[in-house]
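What follows is the residue order along each chain.
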Amino acid sequence: MTPLVSSNTPAPLGLLAELTHRCPLQCPYCSNPVDLIRRSQELDTQTWCRVFSEAADLGVLQMHLSGGEPTARKDLEELVRHASGVGIYTNLITAGVNVSGERLEVLAAAGLDHVQLSMQGADPVTTDKISGMAGAHLRKRNFAGEVHRLGLPLTLNAVIHRANIHQIADFIDLALELGAKRIEIAHAQYYAWALKNRAALMPRREQVLEAQRVVEEARAQLKGRLVIDSVVPDYYARYPKPCMNGWGRQSLNVTPSGQVLPCHAAETIPGLEFWNVQDHGLSDIWYHSPAFNAFRGTDWMPELCRSCERREIDWGGCRCQALAIAGDASATDPACHKSPLHQQLLDMAEADSEAEESYVYRRYRNPAPVES
Amino acid sequence: MTSDLHAGSTPRLAPGVRLREDAARGGWVLLGPERVLQPDPIAVEILKRVDGQRTLEAIVEGLAQDFTADPAQIEKDVRLFLTGLAEKGLLDWHHDPSR
């Protein structure tokens, strides 16, 4: 056993449990890795339950049950019951296209605290096209109705990009109509599938500014009725986003096969050693695994970041973006205007925003296992 | 938030919001969708009395008694705190029509 508390490292608040990579949708900006994990490699029920207990002991307060589509796991009810039983706040992140009212009722009875429903578009044509699933929009609307009927709190999540950036006001209206109390207007983050599809997704700078204006206006108008959280597109920003609120500072991510990552995309960084829940306890992984300690705090930072007054606001931005653009995971995030590569990032975004590309939909590499 | 907060209003935590002890860090936390709030000890005392049963009046009376403090000042603080939570979507209230 290693000591539970390490001197300078705070305990994590949140855990993203990617229960599976199976999903009925094929969104071209999916945050899952391009190389998707198959069902045969997924952790079993018992292992997930152990991880949840360890997470609670470690100090995790909230858990996001995600995927892929988490309801593709037949043991989801049991997982929710266990997480809830150890006191963790459970948030189901779902596409809502294959969950019956009956199943949702069982999940609610198991202690589910909150539902986050993805909406790819504000109308059927857009949703069905982006998700790559005919009829998805209607199914989602029906699902939202069930969530409301059961009195579960609902958040809509809209990932924003070129094909739907003109629909922000419609997304907000839809949230009100469906009884959601919260909406996330989340501009696509260009990693994994979204990076692959960047030229098909990137909006123009004026579109982003207009989208932000609509959000600000609605936020003021709907104060107390609808919470509007937005994730800004940092390609056009002055400062980088404080990715994960700092590497290994607040949250961890467990993949379907049990790898524990500081963020979704961390596995794209070469040379990092990730530990797996099948070999190590979660506390040991959080405090001692090489990957979690690689970019913790401020010691790893290049001089430009270490001497910056925002070093503990931005936490150096995003390591995966530094890698993707600068070719070096420990470089200053090029989204920062101080980065020597900032102009290059901006030029790339502007070029992409004018490109005419079609989507590479999120799919398993051949042969695709068809499972629900 | 449906209307102004009156002495007879009964506040409650919004669905999906709960208060719990935080053994790992000490103190209490208020948990909601993508929200973790760490209320100070005074806020915790208020929140412990927000049970969907007690009216604002009853909450203020209880606090004034337990902490032997001026009810007018307490009411001011409690209103400010609860209204702030309502603006964040973490709390709402209803009025008993019989009152």
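Criteria and cut-off values
Residues numbered from 1 in each chain as written. Chains lettered and ligands numbered in written order. Predicted model: local features only at pLDDT ≥ 70, side-chain atom pairs only at ≥ 80, totals over all residues. Heavy atoms only, no water. Core = buried A, V, L, I, M, F, W, Y, C linked by side-chain atoms within 4.5 Å. Buried < 20%, exposed > 50% of the residue type's maximum accessible area, 1.4 Å probe, protein only. Helix = DSSP H or I, 4+ residues; strand = E, 2+ residues; numbered from the N terminus. Contact = heavy atoms within 4.5 Å. Axes fitted to C-alpha atoms, helices over the stretch in contact; angles between N-to-C directions. Parallel < 35°, antiparallel > 145°, perpendicular 65-115°, else oblique. Left-handed = near helix turned anticlockwise from the far one by under 90°. Phe/Tyr/Trp six-rings, centres within 6.5 Å; stacked < 30°, edge-to-face > 60°. Lys NZ or Arg CZ within 6 Å of the ring centre and 35° of its normal.

(A) Focus on the nonpolar core. All names here are of chain A. Leu 15, Phe 52, Leu 156, Ile 228 and Leu 282 are the most contacted members of the largest nonpolar core, which has 88 residues in total. Of all the elements, helix α1 (residues 45-58) adds the most residues to this core, at 6 residues. The residues touching Leu 282, leaving out its near neighbours within four places in the chain, are Leu 15, Val 51, Glu 54, Ala 55, Leu 58, Leu 252, Val 260 and Val 277. If you look at the next biggest cluster of nonpolar residues, it comprises 24 residues, including Cys 243, Trp 247, Ala 266 and Tyr 364.

(B) Molecular detail of unusual backbone geometry. Cis peptide bonds are those with omega within 30 degrees of zero, and the linkage from Gly 67 of chain A to Gly 68 of chain A qualifies with 5°. Among the structural elements, Gly 68 of chain A can be located in the loop between β2 (62-66) and α2 (76-85). One non-glycine residue with positive phi stands out, namely Asn 245 of chain A, at about 55°. The topology assignment puts Asn 245 of chain A in the loop between β7 (227-231) and β8 (251-254). One non-glycine residue with positive phi stands out, namely Thr 68 of chain B, at about 35°. The topology assignment puts Thr 68 of chain B in the loop between α2 (56-66) and α3 (71-87).

(C) Broad picture of the packing of α1 of chain A against α2 of chain A. All names here are of chain A. Contact geometry for α1 and α2: axes closest at 9 Å, N-to-C directions at 20°. The orientation of α1 relative to α2 falls into the category roughly parallel. Where α1 crosses over α2, the handedness of that crossing is right-handed. Facing Thr 45, Trp 48, Cys 49, Phe 52 and Ser 53 of α1, the residues of α2 in contact are Glu 78, Leu 79, His 82 and Ala 83.

(D) Structural view of the packing of aromatic side chains. All names here are of chain A. Under the counting rule described, the total for this entry stands at 6 aromatic pairs over all chains. Residues Trp 286 and Phe 292 carry aromatic rings whose centres are separated by 5.4 Å and whose planes lie at 55° to one another, so their mutual orientation is tilted. With respect to burial, Trp 286 and Phe 292 carry one shared label: buried. Geometrically, the ring pair formed by Phe 295 and Trp 300 is edge-to-face, given 5.4 Å between the ring centres and 85° between the ring planes. In this structure, Phe 295 and Trp 300 share a single accessibility class: buried. Between Arg 296 and the ring centre of Trp 286, over which it is positioned, the NZ or CZ distance is 4.8 Å. In this arrangement the basic side chain of Arg 310 is found over the ring face of Tyr 239, its NZ or CZ atom lying 3.7 Å from the centre.

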